[in-house]
Amino acid sequence: MTEKRNIAAGGLSAIVVRLRRSVRAHARGFRRQDPATRATRAAEKSAVMRPIVPSATVTTQALIAVIAIMTFLAGITIGAVSAVSGVASEWTSDIARETTIQIKPGDGLDVAAALAKAVEVAKATPGVSGARALDEAETAALLEPWLGKGVDVANLPVPRLVVVSLDSGAGPETMTGLRAALAEQVPSASLDDHRQWSKRLSSTARTAMAIGLSILALVAIATILCVTVATRAAVDAARSIVEVLHFVGARDTFIVSEFQHHFLTVGLKGAAIGGGAAVALFFLGSTLPSWFAFDQAVDTLVGALTIDPRGYGGILGVSVLVALVTTLTSRMTVYRTLRGIS
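The structure displayed is predicted, hence computed values, not measured ones.

**Points about the overall build of the protein chain**
- Helices and strands together make up the secondary structure of the protein chain, namely 11 helices and 4 strands.
- Long-range pairs, those at least 24 residues apart, make up 80% of the contacts in the protein chain between residues at least 6 apart in sequence.
- For the protein chain, the computed accessible surface area is about 20400 Å², with 63% contributed by carbon and sulfur atoms.

**Considering helix α4 (residues 111-123)**
- Along its 13 residues, α4 runs 18 Å from first to last C-alpha, staying within 8% of the 18 Å computed at 1.5 Å per residue.
- For α4, the complete set of buried residues consists of A114, L115, A118, V119, V121 and A122. In an axial view of α4, the angular spread of the buried residues amounts to 165°, which keeps them on one side of the axis. Facing away from the buried side of α4 by more than 90 degrees, the exposed set consists of A112 and K123.
- If you check the start of α4, you find a side-chain oxygen 3.4 Å away from the backbone N of A112, and it comes from D110.

**Considerations on the sheet that holds strand β3 (residues 160-166)**
- If you trace the 4 strands from one edge of the open sheet to the other, you get β2-β3-β1-β4, paired in antiparallel fashion. Each end of this open sheet is capped by a strand with a single partner; those strands are β2 (128-133) and β4 (189-192). Neighbour-to-neighbour, the strand axes of the sheet open up by a mean angle of 20°, direction not taken into account.
- Direction of pairing for strand β1 (residues 98-103) relative to β4: antiparallel, over a ladder of 4 bridges. Residue pairing in the sheet places T100 in a bridge with D192 of β4.

**Focus on the confidence of the model for the protein chain**
- Per-residue confidence for the protein chain gives a mean pLDDT of 76; residues scoring 70 or more make up 76%.
- Every residue in residues 1-12 scores below 50 in pLDDT, and together they form 0 contacts with partners more than four places removed in sequence or on other chains.

**Brief notes about the pattern of salt bridges**
- A complete count under the given rule lists 2 salt bridges for this structure.
- Note that E138 and R132 form a salt bridge whose closest N and O atoms lie 3.3 Å from each other.
- We classify E138 as partly exposed; its relative accessible area is 28%.
- A residue is classified by how much of its surface remains accessible, and R132, at 43% relative accessible area, is partly exposed.
- The salt bridge involving D308 is made with R310; its shortest N-O contact spans 3.2 Å.

**Digging into the packing of α4 against helix α6 (residues 172-185)**
- With their axes 10 Å apart at the nearest point, α4 and α6 run at an angle of 145° to one another. Here the hand of the crossing between α4 and α6 comes out right-handed. Here K117, A118, V121 and A122 of α4 lie close against α6, whose contacting residues are L178, A181, L182 and Q185.
- Taken together, the residues of the contact of α4 with α6 sort by class into 6 nonpolar, 1 polar and 1 charged.

**Observations concerning the side chain of T100**
- In this fold, T100 is placed in strand β1.
- Accessibility expressed as a relative area gives 15% for T100, which makes it buried.
- Aside from chain neighbours lying at most four places away, what touches T100 is L161, V162, S190, L191, D192 and H194.

**Details of helix α5 (residues 136-147)**
- Over its 12 residues, α5 runs only 14 Å from end to end, short of the ideal 16 Å by more than 12%, given 1.5 Å per residue.
- Sitting at the amino-terminal end of α5 is D135, which places a side-chain oxygen 3.3 Å from the backbone nitrogen of A137.
- Just downstream of α5 lies G148, where phi reads positive at about 85°.

**Digging into the pairing of β1**
- Pairing between β1 and β3: 6 bridges, direction antiparallel. Of the residues in β3, the one forming a bridge with T99 is V164.

**Considering a nonpolar patch on the surface**
- The grouping of W146, L147 and L156 at the surface amounts to a nonpolar patch, some 380 Å² of accessible area in total.
- The residue W146 is located in helix α5 in this model.

**Some remarks on the environment of L225**
- Its place among the elements puts L225 in helix α7 (residues 195-237).
- Residue class for L225 comes out exposed when judged on its relative accessible area of 53%.
- Sequence separation between L225 and T329 is 104 residues, and the spatial gap between their C-alpha atoms is 8.8 Å.

**Brief notes about the environment of A230**
- By the secondary structure assignment, A230 is in helix α7.
- It is 8.1 Å that separates the C-alpha atoms of A230 and T60, two residues lying 170 residues apart in sequence.
- If we ignore the near neighbours within four places in the chain, the residues touching A230 are L63 and F263.

Rules used throughout
- By convention here, each chain's residues receive numbers from 1 onward along its written sequence.
- Residue-level local features of this predicted model are given only where pLDDT is at least 70; pairs of side-chain atoms are given and counted only at 80 or more, and the full residue set underlies all totals for whole chains, interfaces and linings.
- The side-chain numbers reported here are obtained from all heavy atoms of the structure, hydrogens and water having been left aside.
- By the criteria applied, helices consist of DSSP H or I runs no shorter than four residues and strands consist of E runs no shorter than two, each listed in order from the N terminus.
- Note on definitions: a residue-residue contact is assigned when non-hydrogen atoms from the two residues lie within 4.5 Å.
- Each accessible area value is a Shrake-Rupley result obtained with a 1.4 Å probe; residue values ignore everything except the protein chains displayed when judging cover.
- Given the number of residues in a helix, its expected span is that number minus one, multiplied by 1.5 Å.
- Burial classes: relative accessible area under 20% of the type maximum marks a residue as buried, over 50% as exposed, and values in between as partly exposed (1.4 Å probe, protein chains only).
- As used here, the arc is the angular range of directions from the helix axis to the C-beta atoms.
- Polar contact is the term for a pair of N or O atoms within 3.5 Å; when the atoms are in protein, one must be able to donate a hydrogen and the other to accept it, and sequence-neighboring residues count only if both atoms are side-chain atoms.
- When DSSP finds at least two bridges between two strands, those strands are taken to pair.
- To get an axis, fit a line to the C-alpha atoms, keeping to the stretch in contact for a helix; angles then go from 0 to 180 degrees between the N-to-C directions.
- Each residue carries a pLDDT score, the predictor's own confidence in it, on a scale running from 0 to 100.
- What makes a salt bridge here is a side-chain nitrogen of Lys or Arg within 4 Å of a carboxyl oxygen of Asp or Glu, nothing more.
- By convention the crossing between two helices is left-handed if the near helix lies anticlockwise of the far one by an angle smaller than a right angle, and right-handed if it lies clockwise.
- Under the grouping applied here, Gly and all other residues not named as nonpolar or charged are polar, the nonpolar ones being Ala, Val, Leu, Ile, Met, Phe, Trp, Tyr, Cys and Pro and the charged ones Asp, Glu, Lys and Arg.
- Patch construction takes residues with relative accessible area above 30% that form no salt bridge. Like charges are linked within 9 Å, and nonpolar side chains (Val, Leu, Ile, Met, Phe, Trp, Tyr) are linked within 5 Å.

Have a look at this one:
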């Protein structure tokens, strides 16, 4: 048996030697008459009829599942960043359109008269579109989460508020003029321009974006590593076929295109599943509150999942990016593997 194997191996080596000589002759110009060229074309046609990388394997299905999970995580990250940015932008815009005047009670201070004077001063300031004082019921409603219902604001030294609405074109000079007028005419009043809250919201949005980009980077690295391992495993599984094609003169671009087409299909399937799941999650999160009668807490939690069309576009974009990363990674891996075959 060993002797037969040695004879077979020797015969195969002789065939390979003859084929390599034929390929060299082809390089010298014998293109039409060279049998190696016909062997190369026949090998490539045979590979086309039977794919080098089988699609229905456990490894392929597992890679599709991994890519789907990675795409889903990336889509959730993009959507969450979009939702946080949208909410922060909306809140910042609301804060920029309003400001608050606070009247602190003091000895001998007529709070009602101070409120009326503050409203008058605010309305007379250029850039202010309106002003109104919160009554006792509205003030009690603001304190209800901490003091409970039925709070008698009249018997408590609670500051009273005046809500001031600003024009769309109001600038820093409006706030400066209003603060100066209040200091002169209503000494007990203080102006809160919500600058601190605006800074906190901006900081939160930037932090959310930084975290999102970090997660996307980790997802990209994990996807590249998984695809690299899967590609090497696929090349090793089809190594005998790849070596024969390589030795008979098949072009590296042809061999690479076979693997690239396979992993492009795998990447598109996984990205479509993961991206579709992320889109479905955010779509249901934005529509469920209108379908069912959730209480306020659940409605607020689900409503936070709402994203705008740019968010959905970001999920679609990251799905395409994952598929492209899968394809390019497999291409580079196969090229490196082919260079190692002598």
